[in-house]
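# Chain and residue survey
Here are the chains, one letter per residue:
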Amino acid sequence: KIKLRLENRSLDHLRAPVICVLGHVDTGKTKLLDKLRCTNVQKSEAGGITQQIGATNVPIDVLRELTKIVRPPKGSQPFKIKIPGLLIIDTPGHEHFRLMRSRGSSLCDLAILVVDIMHGVEPQTIESIKLLQDRGTPFIVALNKIDRLFEWQSNPKKDFWDLLKMQKDHTKVEFEHRLSSAKLQLSEQGLNTKMYYEYSDPKEYSWIVPTSAITGDGIANLIATVVKYNQEIQPEKITFSEELEATVLEVKQTIGHGITIDVILKNGSLKIGDTIVLPGSKGRPIVTQIRALLLPKPNRELRIKTEYAEPKNIKGCQGVKIVAKGLKSAIAGSSFLVARCQNEIEILKDLSQEKEILGCIQCEKR
Ligand code: GDP
């Protein structure tokens, strides 16, 4: 039934894909997120990067601006962006990812696996790969810190390919050497990789984009590759569906609102008064009504926590804070459902708890 619906969906309605950043500690995950967030922050009026609940929204205009230096491969058309934007989860790291318990699917449509070019594969790189493969989440490898190659000459305004050609011979040799050693180490983990510009079959190869989160080199190519992967390789996956798909990122106190949940609403819509059913930590599902939906007000100082816009309803894909009673035992990483009528509540209670149990078994296995 779900498959049929998928086929019926129109590819005209692509939603923003959800992107996570994973990798070993100190590889530059946080820096990479900062770089993505700051590149265009001055333009944060209409159309600019906006901070959402738990995520950063990079809208289409900013994506266009960021990727305009990317040169299409010889003989191919200039790169055209079809997605409305990217929703990048703010908290990097695989611990966070591990929490995602929703059955069968994962919150992230695509992950960026950050590897330090100077260190290659490290213990948490391996852990991250396993986690991603377990979840069936595709990923792109950002081979970060290229600015640390001996006498690397930076120019973030250049396409990576052109920039590499500009480097001195010994820098190119070092790059090739470190790239092949990272590829070899990744292949030892059962992962075949190719450089992003080869556009090899993504079922067989993971794509590598060299980057520097400090200088910004390669960032345009990384973003372009993330966009391309989503809209060309998995357009069905990122097509907006009315079927609700929402994941709890965090359960926390919000001044003036008590315990609230920060949620990524990927598909479907939510409105004030909706009855939501979500797993509770004591094995008892929570059934509660949405009292308010909170979004950060655009162009406001983010630290003023009480400044929220309160829309009556919202549509995926975006981050939202939900105010409701009885959320104390809600669980980060769980997904929830909306009961459209009284009869549905009992069914959904069973379903949500089943999901929770399944999540726990999966966690214990690791
Ligand atoms: P995380 O633990 O993966 O989030 O790593 P961070 O983003 O905190 O970065 C760890 C350290 O590496 C910090 O000192 C960063 O300034 C530095 N770093 C991150 N990215 C780069 C990069 O591309 N080039 C260089 N030279 N240093 C980087």
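Residues numbered from 1 in each chain as written. Predicted model: local features only at pLDDT ≥ 70, side-chain atom pairs only at ≥ 80, totals over all residues. Heavy atoms only, no water.

### Overview of the side chain of Ser 212
Within the secondary structure, Ser 212 sits in the loop between β8 (206-210) and α8 (219-233). Classification of Ser 212 by relative accessible area gives buried; the value is 0%. From its side chain, Ser 212 meets the backbone nitrogen of Ile 214 in a polar contact 3.3 Å long. Among residues more than four places away in sequence, those in contact with Ser 212 are Asn 144, Lys 145, Ile 146, Asp 147, Asp 217 and Ile 219. (Helix = DSSP H or I, 4+ residues; strand = E, 2+ residues; numbered from the N terminus. Buried < 20%, exposed > 50% of the residue type's maximum accessible area, 1.4 Å probe, protein only. Polar contact = N/O pair within 3.5 Å; in protein donor to acceptor, adjacent residues only side chain to side chain. Contact = heavy atoms within 4.5 Å.)

### Observations regarding the sheet that holds strand β12 (residues 275-278)
Taking strand neighbours across the sheet as the criterion, the three strands line up as β13-β12-β18 in an open arrangement whose pairing is antiparallel. Strands at the two margins of the open sheet, each flanked by one partner only, are β13 (286-289) and β18 (337-339). Geometrically, the sheet is characterised by an average inter-axis angle of 35° between neighbouring strands, direction not taken into account. In this structure, β12 lies alongside β13, joined through four bridges in antiparallel fashion. From the neighbouring strand, Val 277 faces β13, where its bridge partner is Val 287. (Pairing = 2+ DSSP bridges. Axes fitted to C-alpha atoms, helices over the stretch in contact; angles between N-to-C directions.)

### Focus: the site of the ligand
Near the ligand lie 15 residues; those nearest to it are Asp 26, Lys 29, Thr 30, Asp 147 and Ala 213. Gly 28 is positioned such that a nitrogen or oxygen atom in its backbone is 3.1 Å from an oxygen atom of the ligand. For the ligand, whose unbound accessible area comes to 580 Å², protein coverage reaches 73%. The biggest single contributor to the shell around the ligand is helix α2 (residues 29-38), with three residues. Class assignment of the residues belonging to the shell around the ligand gives a composition of three nonpolar, six polar and six charged. (Near = heavy atom within 4 Å. Areas by Shrake-Rupley, 256 points an atom, 1.4 Å probe, with all protein chains shown as cover. Nonpolar A, V, L, I, M, F, W, Y, C, P; charged D, E, K, R; others polar.)

### Observations regarding the confidence of the model for the protein
Close inspection of predicted coordinates is inappropriate for parts of the model with low pLDDT. In the predicted model, the protein carries a mean pLDDT of 85, and the fraction of residues at 70 or more is 83%. The low-confidence segment residues 40-46 (pLDDT under 50) makes eight contacts with residues lying over four places distant or belonging to another chain. We note a pTM of 0.88 for the whole complex and an ipTM of 0.99 for its interfaces. (pLDDT = per-residue confidence, 0-100.)

### Some thoughts on the pattern of salt bridges
Counting across every chain of the model gives 17 salt bridges. With a shortest N-O distance of 2.8 Å, Asp 162 and Arg 71 are connected by a salt bridge. Note that Asp 162 is positioned in helix α6 (residues 160-166) and Arg 71 in the loop between α3 (60-67) and β4 (85-89), a separation of 91 residues in sequence. According to the relative accessible area criterion, Arg 71 is partly exposed, its value standing at 40%. (Salt bridge = Lys/Arg side-chain N within 4 Å of Asp/Glu carboxyl O.)

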